[in-house]
Amino acid sequence: MFYLLQLRCLCMSQKENTIEFTEESTKSANVSNFTENKELYMFNLKMKCEENFKIALRAKAELENIKKRTDELIKKEKREANDGFIFDFLALLDGVEYGLSIVKGDVLMKKQNTSVYTGLRLIYEMLVTMLGRFGVVELPALHKKFNPFEHEAVMLKECTEEPGIVVEVYQSGYSRDG
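Parameters at a glance
Residues numbered from 1 in each chain as written. Predicted model: local features only at pLDDT ≥ 70, side-chain atom pairs only at ≥ 80, totals over all residues. Heavy atoms only, no water. Helix = DSSP H or I, 4+ residues; strand = E, 2+ residues; numbered from the N terminus. Buried < 20%, exposed > 50% of the residue type's maximum accessible area, 1.4 Å probe, protein only. Contact = heavy atoms within 4.5 Å. Salt bridge = Lys/Arg side-chain N within 4 Å of Asp/Glu carboxyl O. Expected span 1.5 Å × (residues − 1). Arc of directions from axis to C-beta. Polar contact = N/O pair within 3.5 Å; in protein donor to acceptor, adjacent residues only side chain to side chain. Core = buried A, V, L, I, M, F, W, Y, C linked by side-chain atoms within 4.5 Å. Phe/Tyr/Trp six-rings, centres within 6.5 Å; stacked < 30°, edge-to-face > 60°.

Draft legend 1. Quick peek at the overall build of the chain. Of regular secondary structure, the chain possesses four helices and four strands. Written out in order from the N terminus, the α and β elements of the chain read β-α-β-α-α-α-β-β. By the burial criterion, 17% of the 178 residues in the chain qualify as buried. Considering only contacts within the chain whose residues lie at least 6 apart along the sequence, 55% involve residues at least 24 apart.

So, in structure tokens, the structure goes:
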């Protein structure tokens, strides 16, 4: 007669999972010895299962960490890829602002048609809206207290306002994502 005891455990090969007992080996062995060997073998299998389960949990946690790092890297790469694009459009926006200031002076002096000013104003607003979708916002400076982390002083001017207040903006500053 042939007895087969089969135990399965995570990540173990078929050879390690199968115990075969023949009738001859069980007859010659002491019953208590057989029970002790079986319990020892079961304990060893249980320990291997627990160890493999811990390995699987660590592997799962590492995979989740890799996914998070990859997502962060993709976001960073997208952001950096957009930086050149944004800087080019900021230069264009500065040019449109300068054009607006010139045309506005001509409109006020009745030298120019207002349709040019209106067209430039629409282009300016479209550029501001487009840059806003990328998280770029203008830093307000006019009539605000001078902040050396946000503003760059070009010159000092005497005025009637409180000292340290920005009274004229030559070129607007911008911030990304607040």
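Draft legend 2. A look at the pattern of salt bridges. Enumeration over the complete set of coordinates arrives at three salt bridges. Residue Glu 125 pairs with Arg 121 through a salt bridge whose shortest N-O separation is 3.5 Å. Here the residue Glu 125 and the residue Arg 121 both occupy positions in helix α4 (residues 114-133), the gap between them amounting to four residues, near one helical turn. The exposure class assigned to Arg 121 is partly exposed, which follows from its relative accessible area of 34%.

Draft legend 3. Expanded view of α4. Across its 20 residues, α4 extends 29 Å between first and last C-alpha, which sits within 8% of the 28 Å expected from 1.5 Å per residue. What α4 keeps buried is the set Tyr 124, Leu 127, Met 130 and Leu 131. Down the axis, α4 shows its buried residues gathered within 130° of arc, on one side only. The outward face of α4, more than 90 degrees from its buried face, is lined by the exposed residues Met 126, Thr 129 and Arg 133.

Draft legend 4. Broad picture of the environment of Thr 70. Assignment of secondary structure puts Thr 70 in helix α3 (residues 31-108). Engagement of the side chain of Thr 70 in a polar contact is seen with the backbone oxygen of Ile 66, the distance being 2.7 Å.

Draft legend 5. View of the nonpolar core. Of all hydrophobic cores here, the largest spans 10 residues; its members are Ile 86, Leu 90, Leu 93, Val 96, Leu 100, Tyr 124, Leu 127, Met 130, Leu 131 and Val 136. Contributing elements (two or more residues each) for this core: α3 and α4. The dominant element in this core, judged by the number of residues it contributes, is α3, at five residues. Filtering out sequence-adjacent residues up to four positions away, Leu 131 remains in contact with Ile 86, Phe 89, Leu 90, Leu 93 and Val 136.

Draft legend 6. Representation of the side chain of Ser 175. Within the fold, Ser 175 resides in strand β4 (residues 173-176). Leave out the neighbours within four places in its chain, and Ser 175 touches Gly 135, Val 136, Val 137 and Leu 139.

Draft legend 7. Focus on the packing of aromatic side chains. Counted by the stated rule, this structure contains two aromatic pairs. Three or more aromatic residues joined by ring pairs form one cluster here, namely Phe 85, Phe 89 and Phe 134.

Draft legend 8. Examining the environment of Gly 135 more closely. Mapped onto the elements, Gly 135 comes out in the loop between α4 and β3 (136-139). Judged by its relative accessible area of 16%, Gly 135 is buried. On a C-alpha basis, the gap between Gly 135 and Tyr 174 in space is 10.0 Å, while along the polypeptide they are 39 residues apart.

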